[in-house]
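Per-entry structural report
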Amino acid sequence: MTATLEATIRSVADQLLEARRLGTPIAAVRGHLPPKDVAAAYAVQKINIDRLLAEGRRRVGRKIGLTSEAVQRQLGVDAPDFGVLLNHMDFSAGVIPLKGLIAPRIEAEFALRLARDITEPGLSGAALASFVEAVAVSAEIVDSATKWDIDIVDTIADNASSCGFAVGEWRPYGADSKLPERTMRLLCDGEVISRGTGAATLGDPLNALAWLADASIEVGEPLRAGEIILSGALGPMVSLTAAEYRVEIDGFDPLVLRAVA
C-alpha cells in the first residue's frame, strides 16, 4: 500500500467517524478510494473500530451483510461483507433511540452465539454447527453515513452500514433447530412490513457463519467464544421510524422493540 493510499484511507475514516458522531451525512466516499477495493474499505473500517476500542468500547461480535444474491448483483460483488459489533450498539433492552441516526433502517435475522473460538479455516457450515451454542431472534439497525448512496466500498468502510442490534431470548442450538426452514415476519405497529425465511442467508445461517469465519481468520481477528454473530437479513430491510417493531420467527419467542425520537 502506498503512502498516498494510506493517507487517503485515514482521511476517509476521519470523514466517516465525524459524520457518525455529528449525525450529519456526507457524500459517498467511494470516489476517494480505488474502485471496488475491498481491502482499502476494510482498512478504513478497522481504523474507526480501533479508535472506538481505544476509547473503551468492547467488541462483542460481528454482523454479516450482503447475503442476498440480489443485493450482491446490485452492488457488483460476489461475496458478503462484515462489520463489527461493539457493546454500545446493543439495544436488546428494547428501546432504540433515533436521535443522532442519519437514515436508519431495520432488518430481521438470526443471531448465533459461539461456544468456542473458530481458528481453523475452510470449515463448512455443517462442520460449524458444533461451534454454535445458542440461537436467537434478532434485529439489526443499519444506517448509512452517505444516506444509502453506496457501493461495496462505501458500506464496508462505514462498518458494513451497521449501527446497532437487538437480540431476543437465547435458546440452545441443536440439530432440531432447522433454521433454513423458519419463516420470519417483521411488523411495525402490528402491520407486516417484511417477510423471509432462514434460507435467505446463503441457504443456511451456518453457511454465512462459515464465510465470516474464514474472512475473520484472513484479517487476523478470528471469531471468539461468546461472540454474537448476526447471520444476515431474512427479508428486505425497511425504514426505521418512531414506532413499535416486532420480529416473529416460527418456533421462537418474538422480539419486541420500540424506536423513539
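For the structure, see preceding data.
Attention here is on the structure that accompanies the text. (Residues numbered from 1 in each chain as written. Predicted model: local features only at pLDDT ≥ 70, side-chain atom pairs only at ≥ 80, totals over all residues. Heavy atoms only, no water.)

1. Observations regarding the packing of aromatic side chains
In this structure the tally under the stated criterion is three aromatic pairs. On the basis of an interplanar angle of 55° and a centroid distance of 6.4 Å, the ring pair of Phe82 and Trp211 is categorised as tilted. Separated by 129 residues along the polypeptide, Phe82 in strand S2 (residues 81-86) and Trp211 in helix H5 (residues 205-218) bring together distant segments of the chain. Look at Phe82 and you get buried, because its relative accessible area is 5%. An aromatic cluster is defined as three or more aromatic residues linked by ring pairs; in this entry it consists of Tyr42, Phe82 and Trp211. Against the face of Trp170 rests Arg113, its NZ or CZ located 4.8 Å from the ring centre. Positioned above the aromatic ring of Phe131 is the side chain of Arg116, whose terminal nitrogen or guanidinium carbon lies 3.8 Å from the ring centre. (Phe/Tyr/Trp six-rings, centres within 6.5 Å; stacked < 30°, edge-to-face > 60°. Helix = DSSP H or I, 4+ residues; strand = E, 2+ residues; numbered from the N terminus. Buried < 20%, exposed > 50% of the residue type's maximum accessible area, 1.4 Å probe, protein only. Lys NZ or Arg CZ within 6 Å of the ring centre and 35° of its normal.)

2. Quick notes on the sheet that holds strand S3 (residues 95-97)
If you walk across this open sheet you meet the five strands as S3-S13-S12-S8-S9, and the pairing is mixed. Each of the sheet's edge strands pairs with one partner strand only, and the pair in question is S3 and strand S9 (191-197). Adjacent strand axes in the sheet meet at a mean angle of 20°, parallel and antiparallel pairs treated alike. Sheet topology note: the strand S12 (residues 243-249)/strand S13 (residues 255-260) ladder contains five bridges and is antiparallel. For Arg246, the partnering residue across the bridge sits in S13 and is Val256. (Pairing = 2+ DSSP bridges. Axes fitted to C-alpha atoms, helices over the stretch in contact; angles between N-to-C directions.)

Without other data, these values stay purely geometric and don't point to any function.
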